[in-house]
Structure formats: C-alpha cells, structure tokens
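# Understanding the architecture of this molecule
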Amino acid sequence: MKLPGIILLSILLLSLGFAAGAYFAPEAFRHSEAIAPSSSSSIDVSNPNAQTGMPGHGTSNSSAGKAGDLASILQERPGFQQTRDLAAYADGLRVEDIPDAIAKIESDVNSISTKNQIVALLMSKWAEIDPKGLVEWLQKNNSKPGMIGLGYGALAERNPSTAFQEAQQLPAGQKRDEALMAIADKLPESDDLTKAWEVAKNIKVRGFGGGGNSPYSIFGRWAEKDPTQAMQAFLQLSGEQKRLAVNGMVTTLVRKDSQAAVALLSQMPAGKIHDSVQQALISTWVGLDPQAALAWVQSLPSSVEKDKAFGQMAGNLNFADAQAAWTVVQSLPPSQAKDDAIPQIIGKLGQTDLAAALNLVNQMPPGPVSDRARLFIASSWTQSDPQAALAYWQTLPPGDMRNNFFVDATDAMFAKDPASAVDFLKKLPDETRNRLIGLFAQSWTSSDLTGATAYATTMPPGPAQNNLLRAVAAQLAFDDPAKAMNWINQLQDGEGKIQAASNVLSQWAQNDPTTAAKWVTGLSDSPQKDNAYASIAQAFGNNDPVKAANWLTQLPAGSSRDAAVIPFSNQVFNTDPERAVQWAASIGDPKVQQTQITTLLRRWMHTDPTKATVAVQSSSLPDDVKAQLLQTKH
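Everything numeric in this text was worked out from a predicted model, so none of it was measured.

Turning our attention to the pattern of salt bridges. Charged atoms that come close allow side chains of opposite charge to pair. Summed over all chains, the structure comprises five salt bridges. One salt bridge connects Arg94 with Glu96, and the closest N-O pair in it is separated by 3.3 Å. Across the pair Asp97 and Arg94 runs a salt bridge whose closest N-O atoms are separated by 3.3 Å. Take Asp97: its relative accessible area is 3%, and that puts it in the buried class. In this structure, a network of salt bridges that share partners links the residues Arg94, Glu96 and Asp97.

Now the structure itself:
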C-alpha cells in the first residue's frame, strides 16, 4: 500500500460531510448501514409509533482476531508510527473482511479523525484490489461524498469504458458527477484526451469552479499534451463553458509557450471571455517573467483594452518576485489597480527584507496607499517578531491604520508566543483586554490550548469568557467531543457553559449523530438535554432519516423527545407533509403538539391548500384553530 497517497486520501476524507440528497425517501435509505441490514431491521418512517430494532452487524471469524491489534494501535500516539501500523492493519485484512471491519470501526472508534483515517485506509485497499466490489457496496450504502469517486476512479484505471458505462447508469446527482469526474481524471495520459472530455462533459457543473475539481480542468492537461487539438475543442464550447475551461488551459499554455497563449487570446472576441482569458494569461505570466509580461502589455495599441491589461498586471504583481514587481509597478500608469498592488508588493518584500520595505513605505507620501502598505508590512512582521511589531505600532500616529496594525500584531503574538501574549493582556485596560480575547480566542486555543483553558476558567463571567469557553470547547471537540462535553459539565453554570455545550453538541451531531445521541442519553432531564436532542434530530434527519426515525421511536416520552420531534417533523415536511403531521401528533406535551401541528398545517395550506384542508378538517385541533387555518390563503 502506498503510504503517502493514503495519508493524502485520509486528509481529503476528513473534510467531507455527508452527501446532500433525497431528504426523506425510505426506499433510498433502507440500506444506509455500513453492512446492509436484513429486511427485519428496516423501519416504517411513516409511522412514528412503530417499534423496531436497530440494525446489527455481523463479524466474520477471520477479522475477529484483528480487533486486539487495532485496539493496541489506537493506544499509540498519533503520528507516522500509528499511520504505518494502521496501514499494516489494513494490509492484513482480506477483502471480504473489510465491510465488517468498517462497521466495527464506525461503532467502536470515538475519535472522528482516527475513524475517518482508518476507513480511508480500508477503502483505499479495497479500491486497489476489488474496485467493482467497492463500487457495488458504496451504491448499496449511504456513502459519504468522495467515496463513490474513489471506487469509480480505481475501476477506471482497469477498464475506463466499463466504468463510464456503469457511472452513466447512476441516478443524476452529486454521486454520479463524482463518479464521472473520477473516471475522467484517471484516464491514462497516453490515451487520446478526447475520451476524457467525452466523459467529463457529461458532468453537471454544480458548485464546480474553473479549478482542479472542475470537469473543465481536463483542458489544462489537454493543452499540455496537444495544444492544437485542445484549442479546437475549446473554441467549440459555449460562452460559459469557455469561462470554466480557460484558466487551466491558458495557465498551461503560458508555461509551455507564451506566444501560443497570446495567439489564443487573439482569437477571442471582446467581452467577458476575452477578459477572463487575458486575466489568466497575465496572472500566470507575471509570476513567471514580469518583464516579458510588461513588454507584451506595452506593445498593445493604446486603447481601453490596454488600460485594462495594465490594471490586470498591477493586480497580479504581488505573485512575482517582490523586487522585480516593485520595478515593474513603478513604470505603470496611475490606476486603482496600481494603488492596490503597491501595498501588496511592499508587504511581500517585508517578508524577506523588512528594512527595505520600511524604507520604501517611509518614502511614500502620506495617504491611504501608504497606510495599507504599513498594514501589509505588519502582516509579515507580526509573523516573525510580533513584539517588535508592537513596539513599532507605538510610533504610529493615532487612527484606523494604527488600530488595525495593533490587532494584527496581537493576533500574531497569540499564535506565536501565547505566554507573552497573556502577560501583554494583563497590562491592558479591561475593555481592551476583553475585546482582544474575543478576537483571538481561536488563535489562542489553536496554539496553547492548556493555557487558554486555564485562563478561561479564571475569568469573570461575561462576553469575553463566553467567547474563550466556546473556543476551548471547539478545540477539545475537534478530536474528542465526549471529552469536550465532560469538561463543559465541570464548568460553573452560566451563559458561557450553555453556549459552549450547544456549539459542541451541534458540531458533534453533524459529524457523528449516533455517538452524540448515546452520550446525551446519560444527561439528566434539563433544557440542555432538550436542546441537545433537537440538534441531534436535526443532524440525523439531514444525514439519515431512517436512523433518525428509528432513534426517535425508541426515546422515552418527555420534553427531550418532544424537542427532537419538532425539527425532524419540519424536515420531513419538505417531502411528505402528511407524515410530518403524523410525527408532530406523536409529541407528548399537548401545548407543544398543538403548536407544531398548527405550524406544519399552516405551511401546508400555502403549498397545497387542497390536501391541507382535508388534513385540517380531520385533525384534533380546536375548532377555532381549524377555522383560522382554513382562512389561510395561498
């Protein structure tokens, strides 16, 4: 198994959430468990009072012996050794054992990041050995975004035609697009890239930009291999398609043959596409050879287009060598783009030669441009020596620029030297100190969680403490939400405790509602528990409505169950108003039940008054409430 690739895949999977799709379709979610449950474990979502068991997972004898090994690996410190041992663990499994192993890991491993890493390792091995089997399994299960692409990409490496034919049979939507994108990306470089484009152009652009994850990124590879053929295909695209395809293509052409990129630009009629091509050409060319780019811009005939090219060049000079960029920008005609470029160039120069950058900015006339240049210097300076930056700040005249410089320097001090930052805080007035804590709570907890935690518990109650408590809890919850909640429960009661718990539970419920639900069960009845159940129901309903319904039917009657049913019934309403009303009717508190049923029926009267009228008339609502609902007009 190729370890570097696996690590990269793990990082990718950590950033993925559950796919957005059909909100409430029992047929589509009946096999949402990691191992397809038997028919006896399915649930009737339409009946909120149905009694069902939670689906179980079988464990093969061949994989049972691996559990001890995995438990030992999980006790290791996170790092290279643990990753290597996890890879060895994955290599030791047979393909037929992988589904059971995934199910066990999903249920037994608490750390979300570790869980995703191991599942990524297992699926990577599965994709290498049996991509077709992985694809079939993913189709049957409620897989996360990115997983389908992993399977179809591996399948395409073996047989692109078969992979393409099977991907086209998937229902239209995000997973089909992911599968097609993976196939297009995996087509061998030796193949005619027209085949890759035949696959890629079947992908619906939903949220894709013109970057590397766009189906149109194929034109970048195509221009590298066969610029003429790529150009012919590019010119046949529609206007919007050209906009999406142009950046990768022009970037490749500039690096390979700048004159070919200029020739491409010359074939574009004036307009948005022409401007996009020119912008891509200049931004890349300036980074490679600013003098050559400037010479080309200066060779253009005087016109609005030339002025626009100068502005585009000035706006991209900060990507080039700072000294060379400064030389070039001095020769540009006055423009807003030039004024915007000067501070960025000086700021970049400050990263390598602070004295030279300060010398340049001190020679500039006072005004907005020099003020912004000082802020860009501050951004560089505070990363290397925030205390020296704060000393420089004291020499600046009062005003917005001085205030902004101070904020940047203090933020950098929290990130680089938290102990000095805390000492610095103690010397500031209370109002300033509290404002800074609110601004830099995240930086502080990221760099010094122990120090931030200790300081937060000693602060007086108020907005500043609330901000820091939330940041500490969020940092703790990143890898272990249960640990974060246990820490929160030890805090003194107050608004900060409530806000921190709410944030952690909401995040936990989004990532792992099953485990969050188990943990919340142990809470005593309280408004905190009610809010937690509502958050979990919301997340459960988004990710897996069948599991959400199963969970709700097993909850004991009470305010917590009622709080959970409210958001779930709101979600169900989007696809099945009648069932949503049935769920609302299962709320135990009569007042809460009537309020929620009334809310849903009022929404229904706006979307489908005919069916809603029947539902209102047959409901158990008081006659006066029915009369008010029936007067609701579309």
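Here the narrative resumes, following the displayed structure.
Looking now at the packing of aromatic side chains. Evaluated as defined, the whole model comprises seven aromatic pairs. Geometrically, the ring pair formed by Trp444 and Tyr455 is tilted, given 5.2 Å between the ring centres and 50° between the ring planes. With Trp444 in helix H27 (residues 430-447) and Tyr455 in helix H28 (residues 449-458), this residue pair connects regions lying 11 residues apart in the sequence. You can call Trp444 buried: its relative accessible area is 0%. Classification of Tyr455 by relative accessible area gives buried; the value is 17%. Taken together, the ring pairs connect Tyr533, Phe540 and Trp551 into an aromatic cluster.

Turning our eyes to something else, we now look at the packing of helix H13 (residues 218-225) against helix H14 (residues 227-235). Interaxial distance between H13 and H14 falls to 6 Å at its minimum, and their mutual angle equals 140°. By the criterion of interaxial angle, the relationship of H13 to H14 is oblique. Contact residues: Phe219, Trp222, Ala223 and Lys225 in H13; Pro227, Gln229, Ala230, Ala233 and Phe234 in H14. Class assignment for the residues of the contact of H13 with H14 results in seven nonpolar, one polar and one charged.

Over its 12 residues, helix H9 (residues 147-158) extends 18 Å from the first C-alpha to the last, a length consistent with the 16 Å expected when each residue adds 1.5 Å. Taking burial as the measure, the 12 residues of H9 include 10 buried ones, the bulk of the element. The set of residues buried in H9 consists of Met147, Ile148, Gly149, Leu150, Gly151, Tyr152, Gly153, Ala154, Leu155 and Ala156.

This part takes up the confidence of the model for the chain. With 80% of its residues at a pLDDT of at least 70, the chain reaches an overall mean of 74. Across residues 1-68 the pLDDT falls below 50, and counting only partners more than four positions away or on other chains, this stretch makes 128 contacts in the model. Below pLDDT 50 for its whole length, residues 206-213 participates in 14 contacts with residues either more than four positions away or in separate chains.

Basis of the calculations
Residues numbered from 1 in each chain as written. Predicted model: local features only at pLDDT ≥ 70, side-chain atom pairs only at ≥ 80, totals over all residues. Heavy atoms only, no water. Salt bridge = Lys/Arg side-chain N within 4 Å of Asp/Glu carboxyl O. Buried < 20%, exposed > 50% of the residue type's maximum accessible area, 1.4 Å probe, protein only. Phe/Tyr/Trp six-rings, centres within 6.5 Å; stacked < 30°, edge-to-face > 60°. Helix = DSSP H or I, 4+ residues; strand = E, 2+ residues; numbered from the N terminus. Axes fitted to C-alpha atoms, helices over the stretch in contact; angles between N-to-C directions. Parallel < 35°, antiparallel > 145°, perpendicular 65-115°, else oblique. Contact = heavy atoms within 4.5 Å. Nonpolar A, V, L, I, M, F, W, Y, C, P; charged D, E, K, R; others polar. Expected span 1.5 Å × (residues − 1). pLDDT = per-residue confidence, 0-100.

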